2 protein chains.
Amino acid sequence: MSDKTKLIQPRTLKGFRDYLPEAMMPRERLIDAAKRVYRSYGFAPIDTPALELAEILTGKGSDETDRQMYRFLDHGNRDVGLRFDLTVPLARFAAQHVGTLGTPFKRYHIATVWRGENAQRGRYREFMQCDFDTIGTKSLVSDIETALVIHDLMREIGFEGFQIRLNNRKVLSGVLEKLDLADKSTEVLRALDKLAKIGREKVAEEMIAAAGATAEQADQVLKLAEVSGSNAEIMKQLEPLVAGSEKGEEGLSQLRDLLEATGAAGVTDARLAIDVSIARGLDYYTGTIFETFLDDLPGIGSVCSGGRYDNLASLYTKEQLPGVGASLGLDRLLAAMEELGLVEKVSTPAPVFIPYFDEKSLNTYLKLAAQLRAAGLGVEVYPEAKKLGQQLKYADRRGFKVAIIAGDRELAEGKCQVKNLMAGEATDESLDDGATAVIARIEKILASP
Amino acid sequence: MSDKTKLIQPRTLKGFRDYLPEAMMPRERLIDAAKRVYRSYGFAPIDTPALELAEILTGKGSDETDRQMYRFLDHGNRDVGLRFDLTVPLARFAAQHVGTLGTPFKRYHIATVWRGENAQRGRYREFMQCDFDTIGTKSLVSDIETALVIHDLMREIGFEGFQIRLNNRKVLSGVLEKLDLADKSTEVLRALDKLAKIGREKVAEEMIAAAGATAEQADQVLKLAEVSGSNAEIMKQLEPLVAGSEKGEEGLSQLRDLLEATGAAGVTDARLAIDVSIARGLDYYTGTIFETFLDDLPGIGSVCSGGRYDNLASLYTKEQLPGVGASLGLDRLLAAMEELGLVEKVSTPAPVFIPYFDEKSLNTYLKLAAQLRAAGLGVEVYPEAKKLGQQLKYADRRGFKVAIIAGDRELAEGKCQVKNLMAGEATDESLDDGATAVIARIEKILASP
């Protein structure tokens, strides 16, 4: 009784969650896929501290991020906070180390961030970001490469049906210049950003009310956002709209060059399509913009977004650091994959299970497991000599694919039973010659669809 | 001037550090090696929140960890803290989820922890831990497997010269029982733990002063700690020392079974050796204990340590959860590898560099890069059409191994130059047939020692 009252209730903090193996393994697979693709383009990993001086983090000056920041005094009474994104730490990092690193600098950063926001359904206060950026060059080659990375990333994860939507902020800016709305661009873009959500009329109303646009001007901006068709058709429609604006023409020319280069690298129009309506936030991006949608689940929103910016670290250095990059929405993508039935319900990373069947044969099991591991197969040996049925139930619950059953009878004959746990079939295989027959049989089972 | 005064100085918080690519890549390689080995034994990944309720973390009741904890009130005025290890979160996690997970439960957890300790030379307030444990079984098979995992892990990382030192707390406990010192075991072990550091005489003095041992008793305990020789010789010497103590005999028998099973799996005495002097802390471990030392750098201390415990989560649940596990000392191992010259000074994860040499040929470079990536080769295309010398200097600084140089002259002939940047040699290769000749040449260069 007294013991019971002393127990601490085991629970996670509100807004936070544990990752059990079944949820953690798909996350790790996604992260591994992202790393493989980033590395294959020469993006190098970095890491920065979870805790930064508050003056670094509040520098960004957004009321929302400031309010949501986990902020406190450390042991030395320093005002510190947990990072709420990977962009501010990158800016601080780049300003601090650019002399050592040199430019262009290509980095990826996959790490946890924290935001004390209202924990609504599906929103957590701790989540991972998965960013890649090229810093220190204005060359469109890096924009092109960013599109290629997103493209390869989606395919590496296992998606074939997806579309990267492409825009260039300069096109919009150019048109706004021509309409004499350049000084109201923030308000116009803020309204335009809601087009998919609230529809044409409400956006026009907001442009008139908030940006002081005339109905005619609002209509023209919306016409721009509504150009549609193939990439070639859209470019044709944009030509007259940007004509005469240096900025607008430059934006269009960059779209053209980007599509030509990605096309030469094998990316189709269906996978990379101009969408003049996407604006992505207000002030940060200045050129190319990307969003990425799943064909089978467009409603979940963009799963990989980014773009080009002129000046990453103006808060920390006078050196101008232009760049381009994007961020893979890990949690959103995982939720989508779950909804689409693409996540296997498995809680073991090893496919092969060896029941501890015959009490005297432990060393044989351990040796066989070592042989299979040397052949690259993950193997779990059950630690207790329990009834076989109980052990196979355990294997089933965990999601093992193959069991190797070797009782004293089989072992006396120098063989074992290799059981396909998915199909329920079993064959006897010889244990001679380094268990090559067993290994071959397992590989065949694992390779079958 | 006014701009300058407004700049925020880019700096990391005291006791924290950035990981630049050159430091991050070896860390990632180490983590990847650990994951591969853990997974190959069926250990599954989990994750827990960085922030926990303070009542969960302070439950452990160590003054030191409580004092070092980053602790504050969150947005809902909850008393919270950053985790200072992965053991307390595992205990909370296991107590909370054991019903869902079932036992035995094998997990690994590679994550950041924070301790606000005095930042001495080489000590940081943020570091990673890399733990694996088997929970919910008392079977010695899991102890055996823990030894095998440590063994495979060290080899996977690239070490051949290492020694896992093995002990069993029951041997010590049994001898202390026989000496009537069982109720002073904490004090005795605390003294004994310092043997390597302060020497025999000082340890004896401490046992007499702190544990109330007689000089004769202290001598006997030290004799036990000093048994030496081969594993077989040590076991022979231990037999009479533990004879008559049930606990001591059980400990010795477990040592014997563990060595027999790991021996059958191919682990040599040189790699896994009994060392009766290791005690590893005071109250937590109750059976098998492991420490791991590098032959070439023993002074750096144990790089992988762990052992068996009787009850993981008694603070959070009445259910008894015995287990066994170990923790890879990532930072210590990285420091050792650096000191031993085993860390390559490279800051690109891609071996191949394509200079942007001929301005009109960008699409050719991008296509070639895509072909090499499809063959599994990491490739970086320089984003600006600068002078070749400047680009090669960049490639050299980053540590690329191969450059593909293709000016208009080479391209007109349908070929390119493949340059071995380590040896300085170059050959011309055809770009026909999906660049197979180029790929073959690069693979040959990368495979050369």
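All of these numbers come straight from a predicted model, not from anything done at the bench. (Residues numbered from 1 in each chain as written. Chains lettered and ligands numbered in written order. Predicted model: local features only at pLDDT ≥ 70, side-chain atom pairs only at ≥ 80, totals over all residues. Heavy atoms only, no water.)

J.: So, the nonpolar core: which residues are in play, and what are the values?
T.: If you look at the biggest cluster of nonpolar residues, it comprises 106 residues, and the most contacted ones within it are Leu372 and Ile404 of chain A together with Tyr38, Leu328 and Leu333 of chain B. Ranked by residues supplied to this core, first place goes to helix H6 (residues 140–157) of chain B with 10 residues. Core analysis: the second largest hydrophobic core is formed by 105 residues, Ala33, Leu222, Ala225 and Leu255 of chain A among them. (Core = buried A, V, L, I, M, F, W, Y, C linked by side-chain atoms within 4.5 Å. Buried < 20%, exposed > 50% of the residue type's maximum accessible area, 1.4 Å probe, protein only. Helix = DSSP H or I, 4+ residues; strand = E, 2+ residues; numbered from the N terminus.)

J.: Tell me about the pairing of strand S15 (residues 415–420) of chain B, and please be specific about residues and values.
T.: As a general feature of sheets, a regular strand has side chains that alternate between the two faces. Residue and element names in this part refer to chain B. A one-sided burial pattern is seen for S15, the buried positions being Cys416, Val418 and Asn420 and the unburied ones Lys415, Gln417 and Lys419. Here S15 runs beside strand S16 (residues 426–430); their pairing, made up of five bridges, is antiparallel. Each bridged residue has a counterpart across the sheet, and for Gln417 the counterpart in S16 is Asp428. Connecting S15 to the antiparallel partner S16 that follows it, the hairpin turn spans five residues, and Gly424 within it adopts a positive phi of roughly 80°. (Pairing = 2+ DSSP bridges.)

J.: How would you explain empty space enclosed by the protein if you had to name every residue and give the values?
T.: Scanning the entire structure with this criterion turns up three cavities of 30 Å³ or more. As a volume, the largest cavity reaches approximately 830 Å³. Forming the boundary of the largest cavity are 48 residues, of which Ile110 and Met128 of chain A together with Ile110, Thr112 and Met128 of chain B lie nearest the centre. Elements supplying a minimum of two residues to the lining of the largest cavity: helix H2 (21–40), strand S5 (105–114) and strand S6 (126–135) of chain A together with helix H2 (21–40), strand S5 (105–114) and strand S6 (126–135) of chain B. The class makeup of the residues in the lining of the largest cavity is 26 nonpolar, six polar and 16 charged. If you add up the space inside the second largest cavity, you get close to 50 Å³. If you go around the second largest cavity, the residues you meet are Pro21, Ser347, Thr348, Glu380, Tyr394 and Arg398 of chain A together with Gly42, Ala44, Phe105 and Lys106 of chain B. The set of elements that each furnish at least two residues to the lining of the second largest cavity consists of helix H16 (388–398) of chain A together with S5 of chain B. Residues that form the lining of the second largest cavity fall into these classes: four nonpolar, three polar and three charged. (1 Å grid on protein atoms, 1.4 Å probe; cavity = no way out; pocket = protein on both sides within 12 Å on 5 of 7 lines; lining within 4 Å. Points joined across faces, edges and corners; volume = space filled by probe spheres on them. Nonpolar A, V, L, I, M, F, W, Y, C, P; charged D, E, K, R; others polar.)

J.: Describe in detail the packing of aromatic side chains, supporting the description with residues and values.
T.: By the definition in use, this model includes 28 aromatic pairs over all chains. Ring centres of Phe72 of chain A and Tyr70 of chain B lie 6.3 Å apart, and the angle between their planes is 65°; this geometry places the pair in the edge-to-face category. Pair noted here: Phe72 of chain A is in strand S3 (residues 71–73) and Tyr70 of chain B is in the loop between helix H4 (63–68) and strand S3 (71–73), and the two residues belong to different chains. Relative accessible area serves as the criterion here: at 1%, Tyr70 of chain B is assigned to the buried category. Where Phe353 of chain B meets Phe400 of chain B, the ring centres are 5.1 Å apart and the plane angle is 45°; that geometry is what we call tilted. One end of the pair, Phe353 of chain B, is in strand S12 (residues 352–354); the other, Phe400 of chain B, is in the loop between helix H16 (388–398) and strand S14 (402–405), and 47 residues separate them in sequence. Cluster of aromatic residues (ring-pair linked, three or more members): Phe16, Tyr70 and Phe72 of chain A together with Phe16, Tyr70 and Phe72 of chain B. Directly above the ring of Tyr19 of chain A sits Arg27 of chain A, whose terminal nitrogen or CZ lies 4.1 Å from the centroid. Looking at Arg165 of chain B, its charged tip hangs above the ring of Phe293 of chain B, at a distance of 4.0 Å from the centre. (Phe/Tyr/Trp six-rings, centres within 6.5 Å; stacked < 30°, edge-to-face > 60°. Lys NZ or Arg CZ within 6 Å of the ring centre and 35° of its normal.)

J.: I'd like to hear about the UniProt feature "binding site: L-histidine" (unreviewed entry) in chain A, residue by residue, with values.
T.: All names here are of chain A. Residues annotated in UniProt with the feature "binding site: L-histidine" (unreviewed entry) correspond here to Asp85, Leu86, Thr87, Arg115, Gln129, Asp133, Arg280, Tyr284 and Tyr285. Tracing the backbone through its elements, the reader meets Leu86 in the loop between strand S4 (79–82) and helix H5 (87–101). Judged by its relative accessible area of 0%, Leu86 falls in the buried class. Those residues in contact with Leu86 that lie beyond four places of it in its chain are Arg107, His109, Ala111, Val113, Gln129, Cys130 and Asp131. Within the secondary structure, Arg115 sits in the loop between S5 and S6. Given a relative accessible area of 22%, Arg115 falls into the partly exposed group. In this structure, Arg115 is in contact with Gln68, Tyr70, Phe84, Asp85, Arg125, Phe127 and Gln129, ignoring residues within four places of it in sequence. In terms of polar contacts, Arg115 uses its side chain to reach the backbone carbonyl oxygen of Phe84, at 2.9 Å. (UniProt positions renumbered as here; feature names shortened; annotations may be inferred. Contact = heavy atoms within 4.5 Å. Polar contact = N/O pair within 3.5 Å; in protein donor to acceptor, adjacent residues only side chain to side chain.)

J.: Outline the relation of the copies chain A and chain B, listing residues and values.
T.: For the pair chain A and chain B, the superposition axis carries a translation of 0.0 Å, the fit reaches an RMSD of 0.1 Å, and the rotation angle comes to 180°. Such values leave the two copies arranged in the relation of a two-fold axis. In terms of C-alpha distance to the rotation axis, chain A has Phe72 of chain A as its closest residue, with the C-alpha 3.2 Å off the axis. Mapped onto chain B, 100% of the interface residues of chain A again fall at the interface, so both copies present the same surface. (Least-squares fit on C-alpha atoms with pLDDT ≥ 70 in both.)

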